[in-house]
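# Secondary and tertiary structure notes
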Amino acid sequence: MLNIEELVRKNVRELKAYSSARSEFKGAAKVFLDANENAFGSPLDKDYNRYPDPLQLELKNALAQLRNVNVSNISIGNGSDEIIDHIIRIFCRPGIDNIITTPPTFRMYSLAAAINDTAVREVLLNKDFQMDMPAIFNAIDPNTKLIFLCSPNNPTGNLLNRVDIEMLLQQFNGMVVIDEAYLDFANRQSFIEMLSANNNLIILQTLSKAWGLAGLRIGIAFAAQKIIEYLSKVKTPYNVSSLTQQLAIEALQNKSGVENWIRQLVTQRDQLGTKLESFPFIKKVYPSDANFLLVRVANAAKLYDYLLTQKIVVRNQSSQPLLDNCLRITVGTPAENESLFKSLKNYSE
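Since the model is a prediction, treat every value here as computed from it, not as a measurement. (Residues numbered from 1 in each chain as written. Predicted model: local features only at pLDDT ≥ 70, side-chain atom pairs only at ≥ 80, totals over all residues. Heavy atoms only, no water.)

## Notes on the pairing of strand 6 (residues 201-206)
- In terms of burial, strand 6 is a largely internal element, six of the six residues being buried.
- Because side chains alternate across strand 6, one face comprises the buried residues Leu201, Ile203 and Gln205, and the other comprises Ile202, Leu204 and Thr206, equally buried.
- Note: strand 5 (residues 175-179) against strand 6, four bridges, orientation parallel. By the bridge assignment, Asp179 is partnered in strand 6 with Leu204.
- Across five bridges, the pairing between strand 6 and strand 7 (residues 218-223) is antiparallel. The residue bridging Ile203 from the neighbouring strand is Phe222, located in strand 7. (Buried < 20%, exposed > 50% of the residue type's maximum accessible area, 1.4 Å probe, protein only. Helix = DSSP H or I, 4+ residues; strand = E, 2+ residues; numbered from the N terminus. Pairing = 2+ DSSP bridges.)

## Focus on a nonpolar patch on the surface
- There is a patch of nonpolar side chains on the surface, built from Leu44, Tyr48, Leu243 and Leu247 and spanning about 370 Å² of accessible area.
- Positionally, Leu44 belongs in the loop between helix 3 (21-24) and helix 4 (57-67). (Patch = residues over 30% accessible without salt bridge, like charges linked within 9 Å, V, L, I, M, F, W, Y side chains within 5 Å. Areas by Shrake-Rupley, 256 points an atom, 1.4 Å probe, with all protein chains shown as cover. Salt bridge = Lys/Arg side-chain N within 4 Å of Asp/Glu carboxyl O.)

## Concerning the sheet that holds strand 10 (residues 315-316)
- Taken in spatial order, the four strands of this open sheet run 8-9-11-10, and their pairing is antiparallel. With partners counted over all chains shown, the strands left at the sheet margins are strand 8 (282-285) and strand 10, one partner each.
- Both strand 10 and strand 11 (residues 326-330) contribute to a ladder of two bridges, which runs antiparallel. Note that in strand 11 the partner of Asn316 across the bridge is Leu327.

## What to know about the pairing of strand 7
- Counting buried residues in strand 7 gives six out of six residues, a clear majority hidden from the surface.
- Of the two faces of strand 7, the one holding Ile218, Ile220 and Phe222 and the one holding Gly219, Ala221 and Ala223 are both buried throughout.
- Inspection of the sheet shows strand 1 (residues 74-78) paired to strand 7 by five bridges, in the antiparallel sense. Among the inter-strand pairings, Ser75 is bridged to a residue of strand 7, identified as Ala221.

## Regarding the nonpolar core
- Formed by 78 residues in total, the largest nonpolar core has its most connected members in Leu63, Met131, Leu207, Leu276 and Leu303.
- Not counting the four nearest positions on each side in its chain, Leu207 is found in contact with Leu63, Gly212, Leu213, Ala214, Ile218, Ile220, Ala248 and Leu252.
- Ile4, Cys92, Val177 and Ala223 belong to the second-largest nonpolar core, a separate cluster that totals 30 residues. (Core = buried A, V, L, I, M, F, W, Y, C linked by side-chain atoms within 4.5 Å. Contact = heavy atoms within 4.5 Å.)

## Points about helix 11 (residues 255-276)
- Taking 1.5 Å of rise per residue, the 22 residues of helix 11 would be expected to cover 32 Å, and the 31 Å separating its terminal C-alpha atoms lies within 8% of that figure.
- Listing the buried residues of helix 11 in full gives Gly257, Val258, Ile262, Leu265, Gln268, Arg269, Leu272, Gly273 and Leu276. Along helix 11, the residues classed as buried sweep out an arc of 135° about the axis, all on the same side. Across from the buried face of helix 11, at angles greater than 90 degrees, the exposed residues are Ser256, Arg263 and Thr274.
- Each element contacted by the buried residues of helix 11 is listed here: strand 8, strand 9 (292-297), strand 11 and helix 13 (334-345). (Expected span 1.5 Å × (residues − 1). Arc of directions from axis to C-beta.)

## Concerning the pattern of salt bridges
- In the structure shown here, the tally under the stated rule is 14 salt bridges.
- The shortest N-O distance in the salt bridge between Glu37 and Arg50 comes to 2.6 Å. Here the residue Glu37 occupies a position in the loop between helix 3 and helix 4, and Arg50 occupies one in the loop between helix 3 and helix 4, the gap between them amounting to 13 residues.
- Among the residues examined, Glu37 registers a relative accessible area of 15% and is labelled buried.
- In this structure, Asp85 and Arg89 form a salt bridge, with 2.8 Å as the shortest nitrogen-oxygen distance. Taken together, the residues span about one helical turn, with Asp85 and Arg89 both in helix 5 (residues 79-91) at a distance of four residues.

## A closer look at the side chain of Gln130
- Mapped onto the secondary structure, Gln130 falls in the loop between strand 3 (119-122) and helix 7 (133-139).
- Polar side-chain contacts of Gln130 include one of 2.7 Å to the backbone nitrogen of Asn161.
- If near-sequence neighbours (up to four positions away) are discounted, Gln130 is found in contact with Leu125, Asn158, Leu159, Leu160 and Asn161. (Polar contact = N/O pair within 3.5 Å; in protein donor to acceptor, adjacent residues only side chain to side chain.)

## What to know about the packing of helix 12 (residues 300-309) against helix 13
- Orientation of helix 12 relative to helix 13, taken along the N-to-C sense of each, is 115°, at an axis distance of 11 Å. As for how helix 12 packs across helix 13, the hand of that crossing is right-handed. Side by side, helix 12 and helix 13 meet where Leu303, Tyr306 and Leu307 of the first sit next to Leu340, Ser343 and Leu344 of the second. (Axes fitted to C-alpha atoms, helices over the stretch in contact; angles between N-to-C directions. Left-handed = near helix turned anticlockwise from the far one by under 90°.)

Dropping the structure here:
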């Protein structure tokens with residue numbers, strides 16, 4: 001087990017977090033005169049004149065039941081992007097420390113690092129979109145604080161080799177961040193089950209994908225209690241609105257409905273992949289454990305522009321390493337997928 005305190009930036013260790021009177025008070029208050037709110041209400045709803053729960057306890061309790069973890073192991077952010085930024089702020093000294101990423105992958109890791117003046121060491125995935133383990137260990141130096149892994153990976157869609165991830169957890173003297181945003185679509189258990197044995201593990205999840213709440217912006221971190229305490233230190237006190245918390249709690253009661261949507265989506269994903277392979281200008285459809293497909297085509301820029309004329313938006317990934325002439329296509333509804341097929345039938349190389 002690592003000494004987390006030694007990894008955390010000195011100024012963050014010494015930081016005194018902002019604390020509202022409401023988070024300090026224990027019990028049921030009748031009158032709130034602490035936060036300079038409008039006591040007369042709001043044009044929308046009387047409850048909205050009050051600041052949201054800074055600890056998000058009701059939402060955390062619902063997530064704890066869903067994922068079978070303790071509330072003390074959960075942090076909630078305004079999307080996963082906020083949590084990624086906070087993780088880098090906690091562990092990386094600007095201009096000194098570095099992180100490792102494994103392109104092609106989610107670009108927010110590198111963007112957040114750049115904003116925080118943290119160097120990024122990119123270790124490309126191999127031709128099978130798996131980690132190059134010797135190259136990763138070769139890239140690590142005493143100032144490497146974080147390794148960001150996305151599994152299933154965005155934009156390639158595949159799960160990373162679990163044995164390789166476990167090796168990093170055991171041998172890397174820093175934090176391993178596993179982004180499981182798309183895990184609900186894969187036949188793989190979460191790394192949450194390994195939290196108790198690995199205090200250098202941070203798991204990111206979201207309610208934006210399988211749970212269909214992208215508009216609410218709810219990112220979740222699961223980690224050792226000490227790391228969660230630091231995430232609470234650096235976040236703004238009211239980073240998740242009352243309405244967001246309320247709607248998320250309601251949504252989490254519909255687990256069976258979400259599981260049904262996932263089954264439908266996986267079926268659509270497999271059907272979409274089979275049909276795409278029938279077009280001569282599509283050179284390869286990569287296997288996917290996510291809710292999208294990575295597709296290599298003859299001319300990505302031309303096909304992308306053509307689909308825009310058909311009012312269909314996909315994502316051109318050609319600027320990413322290893323993804324020359326690749327498009328990422330999200331799995332839509334049956335009707336949306338059919339619109340894509342009709343447009344592709346009329347496409348001319």
